[in-house]
Amino acid sequence: MKKIVFCVAALVFLLVLSVPSFASAAQKLIQPVNNAYITAGYLNAKYEQRFGFKHYGWDLTSSSGSRAVWASGSGTVLATGYDNVLGNTVIVKYPDAYIHSTGKTRDLVFRYNHLDSIAVSKGTRVTKDSRLGNYGNTGKYSTGAHLHFEIDTDTVYYQYSPTLASSSNIIKAGTAGTVLSPRSVLYTKVSDPDNQSIWIVGDGYQSSSEDDLPFIN
Ligand SMILES: [Zn+2]
């Protein structure tokens, strides 16, 4: 009997030991602007009507006056520079991101556009406490300071975006099949030091039915 108890205890111990190596891989990604208004939502119908093309990301502005754009988790900067159409651009790869809409874990790429300034360079390792830059109004079609960002599961052809019909110098014309809605990935981290919040405002290029807010974390 004693032997059986010991065996069970040993098994439980081994199971407990093995759990962290399963669970530690996935990371929850948080929103890139701490106190954010969504000013244009993902695939917003009014946006498409007005501009004649689909909106494959979110546009965010800050309610606090800070234009800081923060990394969403642990990752590596794949590319930075001035794109002739989309302005100052940063592309970051986040490995093992938890996608709450599917319950699955995948490597993701975020493309950030219209930045005013860039604070990282290719190869920079980032965490959620790394500032990527400040959002701004750079690029051909930006009509005011905001962050436009897209989330893509294609981490090989990461510079290809469905936003462009013809390729530019950094961002190339891509297809939409691998792009995810930010709401299916992001979390709002309400605790220190991020103290995040997010709102859907007005009745412009966003709506509560299309742009459910991220999960609280
Ligand atoms: Zn946008």
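Residues numbered from 1 in each chain as written. Predicted model: local features only at pLDDT ≥ 70, side-chain atom pairs only at ≥ 80, totals over all residues. Heavy atoms only, no water.

Quick look at the coordination of the zinc ion now. Coordination of the zinc ion by the protein involves His55 (NE2), Asp59 (OD) and His148 (ND1), with metal-donor separations of 1.9 to 2.1 Å. The motif formed by the donor residues of the zinc ion, counted along the single chain, is H-x3-D-x88-H. Here His148 lies in strand S9 (residues 147-152) and His55 lies in the loop between helix H2 (45-51) and strand S2 (58-62), a separation of 93 residues in the sequence. (Donors = N, O, S within 2.8 Å, 3.2 Å for Na, K, Ca; no water. Helix = DSSP H or I, 4+ residues; strand = E, 2+ residues; numbered from the N terminus.)

A cis geometry characterises the amide bond from Asp192 onward to Pro193, with omega recorded as -5°. Counting through the fold element by element, Pro193 comes out in the loop between strand S13 (187-188) and strand S14 (197-205). Unusually for a residue other than glycine, Leu43 sits at a positive phi of about 50°. Looking at the element boundaries, Leu43 is found in the loop between strand S1 (35-40) and H2. Leu43 sits in the partly exposed class, given a relative accessible area of 37%. Backbone geometry at His114 places phi at a positive 65°, although glycine is not the residue there. Of note, His114 is situated in strand S6 (residues 104-118). Classification of His114 as buried rests on a relative accessible area of 7%. (Buried < 20%, exposed > 50% of the residue type's maximum accessible area, 1.4 Å probe, protein only.)

Judged by nonpolar contacts, the single largest core of 31 residues is most densely connected at Tyr94, Phe110, Tyr112, Leu132 and Phe149. Among the secondary structure elements, those contributing two or more residues to this core are S1, S2, strand S5 (87-99), S6, strand S8 (131-135) and S9. Sorting elements by how many residues they give to this core places S5 first, with five residues. Judged by nonpolar contacts, the second largest core, of nine residues, contains Ala79, Val85, Ile91 and Ile171. (Core = buried A, V, L, I, M, F, W, Y, C linked by side-chain atoms within 4.5 Å.)

What follows concerns the confidence of the model for the protein. Detailed reading of the predicted coordinates is not advisable wherever pLDDT is low. Chain-level pLDDT for the protein is 88 on average; 85% of the residues reach the 70-or-more range. This stretch, residues 4-23, has a pLDDT under 50; its non-local contacts, to residues over four places away or in other chains, come to zero contacts. (pLDDT = per-residue confidence, 0-100. Contact = heavy atoms within 4.5 Å.)

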